[in-house]
Amino acid sequence: MKFVDPQEMYDYLFGSKCAGNDTVAFAELTAHLWGVSARVRDIAIDGPGDHLIDESFLWKEGQTVRVVMVSRLGDFGITDDLDAMFGYKVRLPLDTPLLTNCRTEL
């Protein structure tokens, strides 16, 4: 299933979560993303290299990520491990412009 935008993906996944099902989908990043933890305030988007960067969190524009969590607060938990069923590395707010090509299958 393909979604029109991240909001539609969130609505579908949150409904699935409320029904007791897995919350798994895929999307592509629209910009480079890096961070030092799973907190939104520690994420830098397309900025210069003046940040504490953990190379394992360096994800490139166009890279496919897996959405493994949605919260009632309106955010996504994503990981670069495309086989993961849980365990996000980064949380992104619903209104982020960072996700595109949202879908339920690779």
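Residues numbered from 1 in each chain as written. Predicted model: local features only at pLDDT ≥ 70, side-chain atom pairs only at ≥ 80, totals over all residues. Heavy atoms only, no water.

Let's shift gears to helix α1 (residues 6-18). Between its first and last C-alpha atoms α1 spans 18 Å; for 13 residues at 1.5 Å apiece the expected length is 18 Å, and the two agree. In this structure, the buried side of α1 is in contact with β1 (25-29), β4 (64-70), β5 (75-79) and β7 (99-103). (Helix = DSSP H or I, 4+ residues; strand = E, 2+ residues; numbered from the N terminus. Expected span 1.5 Å × (residues − 1). Contact = heavy atoms within 4.5 Å.)

Our next topic: the packing of aromatic side chains. Within a pair of aromatic rings, the relevant descriptors are the distance that separates the centres and the angle that separates the planes. For the structure on display, the rule yields three aromatic pairs. Consider the rings of phenylalanine 3 and tyrosine 12, whose centres lie 5.3 Å apart with planes at 45°: the pair is tilted. For phenylalanine 3, a relative accessible area of 9% gives the class buried. The interplanar angle of 85° and the centroid separation of 6.0 Å between the aromatic rings of tyrosine 10 and phenylalanine 76 together place this pair among those described as edge-to-face. Linking tyrosine 10 in helix α1 with phenylalanine 76 in strand β5, this pair joins segments that are 66 residues apart in sequence. (Phe/Tyr/Trp six-rings, centres within 6.5 Å; stacked < 30°, edge-to-face > 60°. Buried < 20%, exposed > 50% of the residue type's maximum accessible area, 1.4 Å probe, protein only.)

The next thing to look at is unusual backbone geometry. Of note in this structure, asparagine 101 is not a glycine but carries a positive phi near 50°. With respect to the element layout, asparagine 101 can be found in strand β7.

Next up on the list: the pairing of β1. Of all five residues in β1, four are buried; the element is thus mostly enclosed. Here β1 runs beside β4; their pairing, made up of four bridges, is antiparallel. Residue pairing in the sheet places phenylalanine 26 in a bridge with arginine 66 of β4. Where β1 lies against β7, three bridges are found, and the strand directions are antiparallel. Across the sheet, residue glutamate 28 finds its bridge partner in β7, namely threonine 100. (Pairing = 2+ DSSP bridges.)

As far as function goes, none of this settles anything; it's purely spatial.
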